[in-house]
Amino acid sequence: MTSAENLQAFKREGRIVVVGASLAGLRAAEALRGAGFTGSLTMIGDEMGEPYDRPPLSKQVLTGWVPAENTKLPRRREIDAQWLLGVPASGLDLAGNHVRLADGREVPFDRVLISTGVRARPWFVESEAALDGVFVVRTREHAEALRRALAAGPSRVLVIGAGFTGSEIASVCREREIPVTVAELAPAPLVGALGAMIGDVAADMQRAHGVDLRCGVKVTRLEGDAQGRLRRAHFDDGSTIDTDVAVVALGGIRNTEWLQGSGLAAGVWGIACDTGCRALDLNGLITDDVFVAGDVARCPNPIYEYRLISLEHWANAVEQAEVAAHNMVSGQADRWPHLSIPLFWSIQFGVNIKSVGVPTFADEVVVTQGSVPDRRFVAAYGYRGRVTAAVSFNNAKWLDHYRQLIETAAPFPPPCPTPDQPADMKPVPVDFPGPTLLAQGATVVVTGHDPSERRVTAAHQHR
Amino acid sequence: MTTTETPDTLRRILDYSSRADPYPLYAELRKTPVARQEDGSYVISTYREITDILHDPHLSSDIRNLSHPTAGAEEQTTPAFINLDPPEHDRLRRMAMRHFGPPHTPGLVTGMEPALSSIVGGLIDDFAGKEQIDLVDDFAYPFPVTVICHLLGVPREDEPRFHLWVNDIIDSIDYNPKTDPKEKLDNGIQARKDLRQYIGGLVEQRHGRPGDDLLSRLANDDGPDGRMTDEEIVATANLLLIAGHETTVNLITNGMLTLLRHPQVLQRLREQPDLVVPLTEELLRYEPPVHIIPWRAAYSDITVADTVIPKGSQIMLMLASGSRDPNRFHDPDRFDPDRRDNQHLGFGSGIHLCFGGPLARRETQIALTELVRRVDRPRLVADPPQYRRSPVLRGPIHLHIEQNGN
């Protein structure tokens with residue numbers, strides 16, 4: 001049989017399993033059916049219920065404007081899948097071609113897509129995390145629980161971590177006129193994603209809206225009362241605040257533990273893959289039948305020197321899912337690379353923030369349009385004289401242009417005047433905090449001597 | 001190399017004899033995505049290049065940035081936001097949107113639906129007993145005009161007066177110094193003056209009398225940006241009145257014409273009224289009411305498809321051609337209401353994306369659904385119908401339809 005006939009037979013009656021039934025998994029399933037895959041399709045997800053949309057969970061759901069149960073993802077087409085929900089996958093056997101579930105079941109596949117995403121990073125002291133009044137926001141249940149806590153009118157909310165989620169939650173609190181303290185280890189909010197200049201703008205914005213913003217501090221302890229209710233938070237500068245709700249917004253943990261021992265290049269950084277969304281094995285070799293998409297994927301981007309980049313972005317999950325699905329049912333010659341430029345948005349304190357490109361891949365930043373004091377502007381990021389990213393505050397309609405500048409490696413700073421431009425267009429250093437996460441130790445070791453025997457093995461104990 | 005001189009194709013498009021079917025000429029034009037004209041202006045006709053340029057901050061909508069200002073530019077008045085750049089454009093558009101749409105007035109368009117249905121119903125009631133109707137005069141014109149008058153707070157009975165001014169203004173948009181009598185331009189300038197004066201009078205009456213119409217709200221409400229000056233209100237109201245007049249008429253008329261040319265689609269719409277939503281989008285791609293953005297100004301040197309357009313150049317954007325670009329749309333000359341990924345240029349794109357788009361959509365959806373539901377066995381009397389002069393705002397001047405019984 002030729003490989004073309006093999007492919008046709010696979011599309012007709014093959015078995016595809018999708019592990020991770022959220023945005024990326026659902027969009028991939030739809031794309032598989034859209035591409036004419038008529039074989040069996042199994043969706044495995046650890047949450048009960050149908051896939052839902054997460055961006056509203058830290059925004060409209062918390063204000064009460066959109067009920068949590070109304071966030072179901074719209075279906076683009078029928079996917080005619082078998083849904084195995086409410087039970088997580090616990091292992092992947094690449095020799096025997098099956099996924100193991102936590103309840104002991106085994107699900108066989110010809111090809112598998114992994115889109116297990118990330119979960120919220122919990123508070124680091126388990127007993128404190130369990131206090132009544134301590135929340136994270138990742139799932140629909142989390143958001144609904146926090147919404148109820150906010151509706152009860154807490155005396156003060158403590159948000160731990162001023163990334164996008166933390167800042168959005170602080171914004172919702174102010175919108176509901178709830179006193180809020182934000183604690184951030186970095187010198188300003190959003191600084192890890194967007195650098196010091198935008199961080200300063202974000203800090204001004206929070207303070208102008210009455211947020212008690214404390215930067216450069218660490219929360220050391222959450223203190224409860226005898227009933228197990230949160231009462232107080234302690235900071236490393238010796239100060240304390242009285243609070244009855246704390247939201248832990250310290251980012252996510254990639255759901256890769258279940259892949260230990262599978263032989264895939266999976267770890268705390270995600271699952272490495274090529275631009276075709278094919279997973280790499282531990283040695284860095286491309287697998288044939290294992291694909292990855294969404295928050296858990298770590299994919300090289302040629303625009304950024306082929307660095308492996310993992311993104312927790314809505315648009316990235318959709319685009320990667322579509323590329324992965326296409327490649328799962330296409331021959332070698334017809335594969336697509338995932339080359340889209342990252343896109344991200346947030347709404348906080350009445351401002352629409354949107355970014356295109358990878359702002360952390362930059363050494364300088366310059367305001368190219370609008371006015372920073374008015375909080376409506378575009379800032380372009382550059383790396384060694386070329387445009388690599390842009391961020392807009394209430395000016396999103398221009399970002400397509402900046403995407404094009406990034407794609408065409410346009411010179412930085414952009415040389416042409418625009419009608420709405422600050423008089424002084426001086427680039428400043430972008431100034432990100434140090435790569436703390438990268439320094440946390442190795443995850444693999446290399447063994448063997450001759451090229452034929454050199455291999456990588458996992459070293460999970462290094463964490 | 002994308003730049004060649006194809007003045008002939010553009011001239012033929014602008015010529016009235018091409019009005020009924022300019023699409024083959026657009027296909028010819030697209031062979032040169034960025035075409036320099038004899039007078040130093042540039043014509044852009046392909047989808048990617050048009051969208052790129054509509055998102056390019058180095059482009060200006062302000063006539064003062066043209067090195068050779070267009071005819072009639074000497075008028076010394078406050079421009080409407082359509083002819084301004086940020087930050088002025090953003091400020092005025094935001095202040096107007098405050099009373100028209102989300103986030104401050106989210107329910108305006110949906111709140112108007114009962115009124116829209118009742119106006120449509122009333123107009124179709126009047127078809128009774130007539131064997132022949134003119135879809136333009138009897139329906140597609142009076143409907144949006146009634147709506148925009150109601151919305152703005154302009155007395156409907158003044159329509160015969162401002163109708164003439166609006167006609168003169170629209171005529172002067174296409175003014176070509178080589179072929180048109182100067183009278184056409186002068187009429188346009190005079191009509192703008194008259195319309196401004198008329199609206200100015202209405203604004204004066206509104207001060208201190210807050211009401212529900214847009215004019216009273218603009219004249220009395222303060223938002224974070226403060227309050228519009230009277231000149232700004234007049235400019236904004238003029239824009240909305242003219243745009244509310246001239247585009248939806250063509251969209252509805254072009255829509256009915258297209259349905260009559262595709263009887264199987266008309267029948268489907270009758271059986272499944274929900275089809276009207278994607279159908280209206282396809283209409284905005286296939287037979288849009290606005291064919292051309294007559295000019296934009298290059299604020300700096302701009303590179304489009306490897307062609308450098310020098311600062312100060314006039315740029316003409318052929319929206320209707322872009323929406324039929326085979327490099328963007330599969331089988332673009334086919335009217336396909338089931339089309340997916342239909343990101344047409346019917347309402348433009350970027351910061352000047354049509355302000356009234358949501359209202360125009362709802363008006364057209366209600367109009368077409370009711371027309372096919374209630375007009376019995378409609379037939380075109382003449383195909384193609386007679387078209388209006390304008391190549392910019394393109395549509396039939398009359399659309400005679402026969403109906404059976406009633």
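Predicted model, so just to flag it, every value in this text is computed and none were measured.

K.L.:
Explanation requested: the overall build of chain B in the structure shown.
P.N.:
Tallying secondary structure elements over chain B gives 17 helices and ten strands in all. By principal-axis analysis of the C-alpha atoms, chain B measures approximately 60 × 55 × 40 Å. The burial tally for chain B puts 57% of its 406 residues in the buried class. Taking the contacts inside chain B whose residues are at least 6 apart along the sequence as the reference set, 70% of them involve residues at least 24 apart. Carbon and sulfur atoms form 50% of the exposed surface of chain B, whose accessible area is close to 17,400 Å². Of the side-chain charges in chain B, 45 are positive and 61 negative, and the distance between the mean point of each set is 2 Å.

K.L.:
Please explain the confidence of the model for chain B as it appears in this structure.
P.N.:
Keep in mind that low pLDDT regions are not for reading the predicted coordinates in detail. In the predicted model, chain B carries a mean pLDDT of 93, and 96% of its residues have values of at least 70. Confidence estimates for the predicted assembly give a pTM of 0.91 and an ipTM of 0.89.

K.L.:
It is not clear to me how the interface of chain B and chain A should be interpreted in this structure. Could you clarify?
P.N.:
It is common to report an interface's size as the accessible area lost on association of the parts. Taken together, the contacts link 19 residues of chain B with 16 residues of chain A. With both sides pooled, the region where chain B packs onto chain A buries about 1,600 Å², and carbon together with sulfur makes up 60% of that total. Looking only at chain B, the three residues that lose the most surface to chain A are His-55, Pro-57 and His-58 of chain B, adding up to 34% of its buried area. The interface formed by chain B and chain A includes zero salt bridges.

K.L.:
Mind showing me how you'd approach the nonpolar core here?
P.N.:
The nonpolar side chains of a soluble globular protein tend to be buried, and buried together. Judged by nonpolar contacts, the single largest core of 96 residues is most densely connected at Phe-139, Ile-199 and Met-256 of chain B. Examining the composition of this core, we find that eight residues originate from one element, helix α12 (residues 230–246) of chain B, more than from any other. Among all residues touching Met-256 of chain B, those that are not within four sequence positions of it are Leu-135, Leu-266, Leu-368, Leu-371, Val-372, Pro-378, Leu-399 and Ile-401 of chain B. Formed by 47 residues, the second largest nonpolar core is a distinct cluster that contains Leu-62, Ala-68, Ile-198 and Ile-353 of chain A.

K.L.:
What's the story with the packing of helix α2 (residues 23–34) of chain A against helix α8 (residues 314–328) of chain A in this structure? I'm lost.
P.N.:
Residues and elements named next belong to chain A. It is at 8 Å that the axes of α2 and α8 come closest, and there the two elements cross at 35°. In the packing of α2 onto α8, the handedness of the crossing is right-handed. Taken together, the residues of α8 that come into contact with α2 (itself represented by Leu-23, Ala-24, Arg-27, Ala-28, Ala-31 and Leu-32) are Trp-314, Ala-317, Val-318, Ala-321, Glu-322, Ala-325 and Met-328. Taken together, the residues of the contact of α2 with α8 sort by class into eleven nonpolar, no polar and two charged.

K.L.:
What is the right way to look at the state of the cysteines in this model?
P.N.:
Should the sulfur atoms of two cysteines be covalently bonded, the bond is a disulfide. All names here are of chain A. One pass over the structure, following the stated rule, counts zero disulfides over all chains. Here Cys-273 is not disulfide-linked; the sulfur of Cys-299 is the nearest cysteine sulfur, at 4.2 Å. Its relative accessible area of 1% is what places Cys-273 among the buried residues.

K.L.:
Explain the environment of Phe-164 of chain A to me, please; I cannot follow it from the model alone.
P.N.:
Residue and element names in this part refer to chain A. Residue placement: Phe-164 occurs in helix α6 (residues 164–175). Note: C-alpha distance between Phe-164 and Ile-347 (183 residues apart in sequence) is 8.9 Å. Contacts of Phe-164, omitting those with residues within four sequence positions, involve Leu-190, Ala-193, Leu-194, Phe-344, Ser-346, Gln-348 and Ile-353.

K.L.:
Sorry if this is basic, but what is going on with the sheet that holds strand β12 (residues 212–215) of chain A here?
P.N.:
Strands in a sheet are paired, the pairing made by backbone hydrogen bonds, and the direction either parallel or antiparallel. All names here are of chain A. Judged by pairing direction, the sheet is parallel, and its five strands sit side by side in the order β9-β16-β10-β11-β12 without closing on themselves. Lying at the two open borders of the sheet, with one neighbouring strand each, are β9 (134–135) and β12. Pairing of β9 with strand β16 (residues 245–248) involves two bridges; the strand directions are parallel. Looking across to β16, one finds that Phe-135 is bridged to Val-247.

K.L.:
Could you clarify how one ought to interpret the pairing of strand β28 (residues 386–393) of chain A in this entry?
P.N.:
Regular strands have side chains that alternate between both faces of the sheet. Residue and element names in this part refer to chain A. Among the eight residues in β28, eight count as buried, and that is most of the element. In the sheet, strand β27 (residues 376–383) pairs with β28 via seven bridges, with the strands oriented antiparallel. Bridging across to β28, Gly-382 finds its partner in Val-387. Hairpin connection of β27 to β28: two residues between the antiparallel strands, including Arg-384 at a positive phi of 45°.

K.L.:
What is the right way to look at the confidence of the model for chain A in this model?
P.N.:
Confidence along chain A averages 93 in pLDDT terms, with 97% of residues attaining 70 or more. Within the model, pLDDT remains below 50 along residues 436–440 of chain A, and this stretch shows two contacts once partners closer than five positions in the same chain are excluded.

K.L.:
How should I be thinking about the packing of aromatic side chains in this particular structure?
P.N.:
Centre distance and the angle of the planes are the two values used to describe a pair of aromatic rings. Enumeration according to the criterion identifies 16 aromatic pairs over all chains in this entry. An aromatic cluster of at least three residues, connected via ring pairs, comprises Tyr-304, Phe-361 and Tyr-383 of chain A. Here Arg-285 of chain B stacks its cationic end above the ring of Phe-329 of chain B, 5.4 Å away from the centre of that ring. Looking at Arg-324 of chain B, its charged tip hangs above the ring of Tyr-286 of chain B, at a distance of 4.1 Å from the centre.

K.L.:
So what exactly am I meant to see when it comes to unusual backbone geometry here?
P.N.:
Note on backbone geometry: most residues besides glycine have negative phi, and most peptide bonds are trans. Cis geometry marks the peptide bond from Pro-86 of chain B to Pro-87 of chain B, where omega comes out at 5°. If you trace the backbone, Pro-87 of chain B turns up in the loop between β3 (59–60) and α4 (88–97). The linkage connecting Pro-102 of chain B with the following residue, Pro-103 of chain B, adopts the cis geometry, with an omega of 5°. Position of Pro-103 of chain B relative to the elements: it lies in the loop between α4 and α5 (108–111). Notably, Cys-277 of chain A is not glycine yet its phi reads approximately 65°, a positive angle. Examined against the element boundaries, Cys-277 of chain A turns out to sit in the loop between β19 (270–272) and β20 (278–280). Residues other than glycine seldom take positive phi values, yet Tyr-306 of chain A does so here, at roughly 60°. Its place among the elements puts Tyr-306 of chain A in the loop between β22 (297–301) and β23 (307–309).

K.L.:
It is not clear to me how the UniProt feature "domain: FAD/NAD(P)-binding" (unreviewed entry) in chain A should be interpreted in this structure. Could you clarify?
P.N.:
Those residues carrying the UniProt feature "domain: FAD/NAD(P)-binding" (unreviewed entry) are residues 15–321 of chain A in this numbering. Helix makes up 23% of residues 15–321 of chain A and strand 31%. Its end C-alpha atoms lie 17 Å apart.

K.L.:
What should I look at first to understand the environment of Glu-157 of chain B in this one?
P.N.:
Mapped onto the elements of the fold, Glu-157 of chain B is located in the loop between α8 (142–152) and α9 (159–173). In the structure, Glu-157 of chain B is positioned 151 residues away from Val-308 of chain B in sequence and 51 Å away in space, judged by C-alpha atoms.

K.L.:
Honestly, the sheet that holds strand β5 (residues 293–298) of chain B in this entry has me stumped. Any pointers?
P.N.:
Residue and element names in this part refer to chain B. Spatial ordering of the open sheet is given by β1-β2-β8-β5-β3, a layout of five strands whose pairing is mixed. At either end of the open sheet lies a strand with only one pairing partner, and these are β1 (34–36) and β3. When β1 meets strand β2 (residues 42–44), the two strands line up antiparallel, connected through three bridges. Note on β2: the bridge partner recorded for Ala-35 is Val-43.

Rules used in this analysis
- Residues numbered from 1 in each chain as written.
- Chains lettered and ligands numbered in written order.
- Predicted model: local features only at pLDDT ≥ 70, side-chain atom pairs only at ≥ 80, totals over all residues.
- Heavy atoms only, no water.
- Helix = DSSP H or I, 4+ residues; strand = E, 2+ residues; numbered from the N terminus.
- Buried < 20%, exposed > 50% of the residue type's maximum accessible area, 1.4 Å probe, protein only.
- Contact = heavy atoms within 4.5 Å.
- Areas by Shrake-Rupley, 256 points an atom, 1.4 Å probe, with all protein chains shown as cover.
- Lys, Arg positive; Asp, Glu negative; His and termini not counted.
- Charge placed at Lys NZ, Arg CZ, Asp CG, Glu CD.
- pLDDT = per-residue confidence, 0-100.
- Buried area = accessible area lost by both parts, 1.4 Å probe.
- Salt bridge = Lys/Arg side-chain N within 4 Å of Asp/Glu carboxyl O.
- Core = buried A, V, L, I, M, F, W, Y, C linked by side-chain atoms within 4.5 Å.
- Axes fitted to C-alpha atoms, helices over the stretch in contact; angles between N-to-C directions.
- Left-handed = near helix turned anticlockwise from the far one by under 90°.
- Nonpolar A, V, L, I, M, F, W, Y, C, P; charged D, E, K, R; others polar.
- Disulfide = S-S within 2.5 Å.
- Pairing = 2+ DSSP bridges.
- Phe/Tyr/Trp six-rings, centres within 6.5 Å; stacked < 30°, edge-to-face > 60°.
- Lys NZ or Arg CZ within 6 Å of the ring centre and 35° of its normal.
- UniProt positions renumbered as here; feature names shortened; annotations may be inferred.

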